[in-house]
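The chain contents come next:
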Amino acid sequence: MTQAVDWASIRRDFPILSQTVHGKPLIYLDNAATSQKPRVVIDALRDYYERYNANVHRGIHELSARATAAFEAARARVARFINARSPDEIIFTRGTTEAINLVAASWGAANLRPGDVILLTEMEHHSNIVPWQQIAARTGATLVYLPVTGDEGLLDLDKLDTLLTHRVKLFGMVHVSNSLGTVNPVAELCARARARGITTLVDGAQSAGHMPVDVQQIGCDFFAFSGHKMCGPTGIGILYARAALLEAMPPYQTGGEMILRVEYHHTEFKKPPHKFEAGTPDIAGPIGLHVAMDYLDAIGRANIWAHDQALATYAYEQLAAKVPGVRLFGPRTGRAGLVSFAIPGVHAHDIVTFADRAGIALRGGHHCTQPLMHKLGVEATTRASFYFYNTKDEVDRLVEVICEAQRFFNR
Ligand code: 7TS
């Protein structure tokens, strides 16, 4: 259920948005790369450094106790945010990329054998491809891809059953595509994999913080996401993993913090999640992310999702109607909060540079999905990605500027 939200007042929580760029009011439409931060999150970081900065899990002194309590409270908050069964299923990482690297290096090394198959989709971000290529090369496993249908950017689900062979050990899938805006039916995909005993990993970089996420309802084994794309600080990410998997997995990095006892020739590790967090962690990161999650839930993730979807659908329809020859990628309906498009004869980098002069922040390029770009037959797309502080007026201005850019470069 969505309810009336005072979006204009929420926008004022973001100090960075009330500035001009190249003499024009900033229109920030690069939220898929990173989101902006509300004042409460920035304040929480300063508060930590000004009042209780200390290392965690080791000091007996008061500041260390306070920092440790805040750090572990953030872990519990993440568990509630995605409905994990226990905080012990939450590992702090640097981001989605490190979370997936952890799974590939630890779970992959322990479970993959020559001839095994890692099934991915053709719309994965490089961070859910390259770590698997690396572990495949080390273990003798191979990579197979579930196809994307074409410009509408849907997964070819009819092919799934034939691809889910007994050789498949892991099925990795992106929840929301960062370059198409496709929302994949991850609960269904995970159910079909689980029925065959296949382990599943969902890349939630573009979904967490944008829509309600419930890992038990999705039914995945691993779920990875980044704090900085959901109003939190950079440098903090999350790996959710089912407890039984974490128990069985070997450590990722080793050293201080993750040990119970070390001898010169032998070490006993802590239990998860600490087994997977070697060294001094990012402490301010989880503390800031905790406040970000509270902030998002006060607005309501269903409200945010409805708002983002409405802006993206409106942008898609306006671009389709007003930009002659535009090629739009991803589904027309049911898309997440971004639009990705190409204009014949104009390079995406030229459009982004032109838009920048108008104060609009876009992204042009392959969006770290080069194989998908090759499949679509483009080198790059221009992408506008929205969040809850963006407005319909900003979309109107975007479409105006894209039309101006097209006239400018095609004159
Ligand atoms: N997976 C997806 C689907 C992503 O969109 C991104 C980042 C990542 C993984 C990696 O996240 P990180 O926080 O570890 O870097 N996507 C983008 C983007 O679309 N533009 O800049 C970064």
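In this report, the structure presented in the accompanying data block is examined.

Definitions and limits used
- Residues numbered from 1 in each chain as written.
- Predicted model: local features only at pLDDT ≥ 70, side-chain atom pairs only at ≥ 80, totals over all residues.
- Heavy atoms only, no water.
- Salt bridge = Lys/Arg side-chain N within 4 Å of Asp/Glu carboxyl O.
- Helix = DSSP H or I, 4+ residues; strand = E, 2+ residues; numbered from the N terminus.
- Buried < 20%, exposed > 50% of the residue type's maximum accessible area, 1.4 Å probe, protein only.
- Core = buried A, V, L, I, M, F, W, Y, C linked by side-chain atoms within 4.5 Å.
- Domains from an automatic or database assignment.
- Contact = heavy atoms within 4.5 Å.
- Axes fitted to C-alpha atoms, helices over the stretch in contact; angles between N-to-C directions.
- Parallel < 35°, antiparallel > 145°, perpendicular 65-115°, else oblique.
- Left-handed = near helix turned anticlockwise from the far one by under 90°.
- Nonpolar A, V, L, I, M, F, W, Y, C, P; charged D, E, K, R; others polar.
- 1 Å grid on protein atoms, 1.4 Å probe; cavity = no way out; pocket = protein on both sides within 12 Å on 5 of 7 lines; lining within 4 Å.
- Points joined across faces, edges and corners; volume = space filled by probe spheres on them.
- Near = heavy atom within 4 Å.
- Polar contact = N/O pair within 3.5 Å; in protein donor to acceptor, adjacent residues only side chain to side chain.
- Areas by Shrake-Rupley, 256 points an atom, 1.4 Å probe, with all protein chains shown as cover.
- Sits in = over half its atoms within 2 Å of the grid points.

## Quick word on the pattern of salt bridges
Scanning all chains against the criterion turns up 24 salt bridges. Arg77 is the partner of Asp294 in a salt bridge, and the nearest nitrogen-oxygen pair spans 2.6 Å. One end of the pair, Asp294, is in helix 10 (residues 284-299); the other, Arg77, is in helix 3 (residues 62-81), and 217 residues separate them in sequence. Residue Asp294 is classed as partly exposed on the basis of its relative accessible area of 37%. Residue classification places Arg77 among the buried positions, given a relative accessible area of 7%. Where Arg77 meets Asp297, a salt bridge forms, and the shortest distance between an N and an O atom there is 2.8 Å. With Arg77 in helix 3 and Asp297 in helix 10, this pair connects stretches of sequence that are 220 residues apart. Using a relative accessible area of 30% as the deciding quantity, one classes Asp297 as partly exposed.

## So, the nonpolar core
Formed by 75 residues in total, the largest nonpolar core has its most connected members in Ile82, Phe171, Phe223, Met230 and Phe388. Element by element, the count of residues in this core is highest for helix 10, at 8 residues. Counting residues domain by domain, this core receives three or more from each of domain 1 (7-30 + 300-409) and domain 2 (42-297). Setting aside residues no more than four positions away along its own chain, Ile82 makes contact with Ile90, Val213, Asp214, Val215, Phe225 and Tyr240. The next biggest cluster of nonpolar side chains, apart from the first, holds 30 residues, and it includes Val323, Val339, Ile351 and Val352.

## What to know about the packing of helix 12 (residues 348-357) against helix 14 (residues 392-409)
Running from N to C, helix 12 and helix 14 point in directions that differ by 120°, and their axes come no closer than 10 Å. As the angle between them shows, helix 12 and helix 14 are arranged oblique. Like other packed secondary-structure pairs, helix 12 and helix 14 cross with a definite hand, here right-handed. Contacts between helix 12 and helix 14 involve Asp350, Ile351, Phe354 and Ala355 on the former and, on the latter, Val401, Ile402, Glu404, Ala405, Phe408 and Phe409. Residue classes in the contact of helix 12 with helix 14 are distributed as 8 nonpolar, no polar and 2 charged.

## A few points about empty space enclosed by the protein
With a probe scaled to a water molecule rolled over the atoms, the places where space remains empty come into view. The tally for this structure, following the rule as stated, stands at 1 cavity of 30 Å³ or more. Roughly 80 Å³ of internal volume is contained in the largest cavity. Considering the residues around the largest cavity, the lining is formed by Asn31, Ala32, Val176, Gln206, His210, Trp305, Asp308, Ala336, Gly337, Leu338, Ser385 and Phe386. Of the residues contributing to the lining of the largest cavity, the split by class is 6 nonpolar, 5 polar and 1 charged. Summarising the domain contributions, the lining of the largest cavity has at least three residues from each of domain 1 (7-30 + 300-409) and domain 2 (42-297).

## Section: the site of the ligand
The local shell around the ligand holds 16 residues, among which Thr97, Asp203, Ser226, Arg363 and Arg383 are the closest. One of the side-chain N or O atoms of His125 is found 3.4 Å from a nitrogen atom in the ligand. One nitrogen or oxygen atom from the side chain of Arg363 is found 2.4 Å from a nitrogen atom belonging to the ligand. Within the complex, the protein chains bury 87% of what would otherwise be the 490 Å² of accessible surface of the ligand. Put simply, the ligand lies in the largest pocket. Its residues assigned to classes, the shell around the ligand comprises 4 nonpolar, 8 polar and 4 charged.

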